Amino acid sequence: MKICPNCGSSMDEETNFCTKCGTDLRNVAPSVQGNEAAPEANLAAQEEPVQENATPEQTATDVQNRPATTRAEAKQQSITASQLTNAAANQLSNAANYAKENFNFDAANMWQWFVNSWKHPFADQEAERWYGWVTLLVEDFLLGLGLYIFEQRSARGFDSTWNSNVANSTSGATFSVVFEMIIFLALIELCWIFACFISYKVIYNKKRDLLDLTNHIVQTSNLNAIFVVIYFLSMMFTSTTGGVLPILMLVLIEIFFSKAITVSLLGDNGEAHDKFYGYILFLAIQGITTLILIMVIGSSVISQIKSYLGSSFWSMFK
């Protein structure tokens, strides 16, 4: 057996280099007691006590006297930890860059998008991919909030006339109805846009990005943003008995949105299948999904309305 003079490991007589630390063993003479000496050397190295309160000079000396394998392992661990730290930093940097590139909000750019869409509703224009859905959700929120404000104004007017407590007793029920109405509107819009997405693929035999399609539909119907603002202001400030203007705005919003979907679906050239049958498919998907939503959410809304009417009735006598 050969004993490595550097790390004390036992090697076969034919070994020319230490398999532990790489030391040249060609000039090392074989040792008969190698099998016993090596374990003793390793055991002594493992059981060597750590000196407490060691001076910097002693610490440096101990580090230099450590076996090469221990120093190599410590260096490898340091490199691994550094690599993990760099990888984590790169991941955070990539996430920040992705958020900056894909969710960069610029009010001026979005306002310019609105202005361009009012001037040229059907023209293609550069815009953030999320403009369309943010616009729809804000419009749905304003529609619901306007209804809630109008109901509370009407209830307070009724209370002041009849000395009742309708406004306070129905506030919670009204909020629930309005919240479910906002969810219902958002889901209806999603189903209609999805129906357009499927039908577009059938008509033109090509897939269009769903967010880009949503942007195109919303920019085509972006006059709805003006109608929603007029509706909201009328629900806040007009007489509680003068509900013609808000109803007119709601009708215009529905017409413009549905026609924008139709134009976005049938307005392109290069169809692979007849547009008539593609439009029939769109109407079928639109009708089925709308019916399902009415059955699922409509029952809950009707229950809330019944609760609201019951609360209003009993509050008149309190």
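Just above sits the structure.
Residues numbered from 1 in each chain as written. Predicted model: local features only at pLDDT ≥ 70, side-chain atom pairs only at ≥ 80, totals over all residues. Heavy atoms only, no water.

Draft legend 1. Examining the overall build of the protein more closely. The helix and strand inventory of the protein stands at 10 helices and 2 strands. Along the protein, from the amino end to the carboxyl end, the secondary structure elements read β-β-α-α-α-α-α-α-α-α-α-α. Counting across all 318 residues of the protein, residues that qualify as buried make up 31%. In the protein, once contacts between residues fewer than 6 apart in sequence are set aside, the share between residues at least 24 apart is 69%. With an accessible surface of roughly 19900 Å², the protein has 62% of that area assigned to carbon and sulfur atoms. (Helix = DSSP H or I, 4+ residues; strand = E, 2+ residues; numbered from the N terminus. Buried < 20%, exposed > 50% of the residue type's maximum accessible area, 1.4 Å probe, protein only. Contact = heavy atoms within 4.5 Å. Areas by Shrake-Rupley, 256 points an atom, 1.4 Å probe, with all protein chains shown as cover.)

Draft legend 2. Quick look at the environment of E189. You can see E189 is positioned in helix α6 (residues 166-204). Setting aside chain neighbours within four positions, we find E189 in contact with W133, L136, D140 and F257.

Draft legend 3. Structural view of the packing of helix α8 (residues 223-237) against helix α9 (residues 244-266). Contact pair α8 / α9: the axes reach a minimum separation of 9 Å and the direction vectors enclose 160°. Taken as axis vectors, α8 and α9 run roughly antiparallel relative to one another. Judged by the sense of rotation from one axis to the other, the crossing of α8 with α9 is left-handed. Here L223, N224, F227, V228, I230, Y231, S234 and M235 of α8 come into contact with α9, specifically with L245, P246, M249, L250, L252, I253, F256 and F257. Class assignment of the residues belonging to the contact of α8 with α9 gives a composition of 14 nonpolar, 2 polar and no charged. (Axes fitted to C-alpha atoms, helices over the stretch in contact; angles between N-to-C directions. Parallel < 35°, antiparallel > 145°, perpendicular 65-115°, else oblique. Left-handed = near helix turned anticlockwise from the far one by under 90°. Nonpolar A, V, L, I, M, F, W, Y, C, P; charged D, E, K, R; others polar.)

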